[in-house]
Amino acid sequence: MINTNYVFIIKTAFCFVDLHHPSIMTKLIYTGSNYDEVKRLCGDKVLAPYFCMGFSMLSVDTGEGFVSVNEGDAIIREDDGSLRIEKQ
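All figures in this text were calculated on a predicted structure; none of them were measured in a lab.

Visitor: How would you sum up the sheet that holds strand S5 (residues 55–61)? Please name residues and give values.
Guide: The strand order across the open sheet formed by three strands is S4-S5-S6, and the pairing between neighbours is antiparallel. If you trace the sheet from one side to the other, it starts and ends with strand S4 (46–52) and strand S6 (66–70), each paired once. On average, adjacent strands in this sheet sit at an angle of 25° to one another, irrespective of strand direction. Bridging between S5 and S6 involves five bridges; their strand directions are antiparallel. Across the sheet, Ser-59 pairs through a bridge with Ser-68, a residue of S6. The sheet strands contacting helix H1 (residues 35–42) are S4 and S5, and the helix crosses S4 at an angle near 150°.

Visitor: Please set out the nonpolar core residue by residue, giving values where relevant.
Guide: One recurring pattern in soluble globular proteins is that nonpolar side chains are buried together. By size, the foremost hydrophobic cluster in this structure holds twelve residues: Leu-28, Tyr-30, Val-38, Leu-41, Cys-42, Val-46, Leu-58, Val-60, Val-69, Ile-75, Leu-83 and Ile-85. Only H1, S5 and strand S8 (83–86) provide two or more residues apiece to this core. In terms of residues, this core owes the most to one element, H1, which gives three residues. Here Val-69 is in contact with Tyr-30, Ser-56, Met-57, Leu-58, Val-60, Ile-75, Ile-85 and Lys-87, once residues within four sequence places are set aside.

Rules and cut-offs
- Residues numbered from 1 in each chain as written.
- Predicted model: local features only at pLDDT ≥ 70, side-chain atom pairs only at ≥ 80, totals over all residues.
- Heavy atoms only, no water.
- Pairing = 2+ DSSP bridges.
- Helix = DSSP H or I, 4+ residues; strand = E, 2+ residues; numbered from the N terminus.
- Axes fitted to C-alpha atoms, helices over the stretch in contact; angles between N-to-C directions.
- Contact = heavy atoms within 4.5 Å.
- Core = buried A, V, L, I, M, F, W, Y, C linked by side-chain atoms within 4.5 Å.
- Buried < 20%, exposed > 50% of the residue type's maximum accessible area, 1.4 Å probe, protein only.

Structure follows, in structure tokens:
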């Protein structure tokens, strides 16, 4: 069993699978009004937001296809540059 500890610093987390190989990730919550921050985090892997039934959504290319991101979902960029989405 792997013991994993997390230390959160602003929007960056250090995940220690073991003390000799730390992993760094950046986590950003999509609020519907922070597209500029999302664009800086994801670069050209994000499509412009669109509005549906009063809510803002956008799509992010995670490498396995585009994933819809709703308000409140988290976009995570791993230290290797890969992106993943945590649903609310």
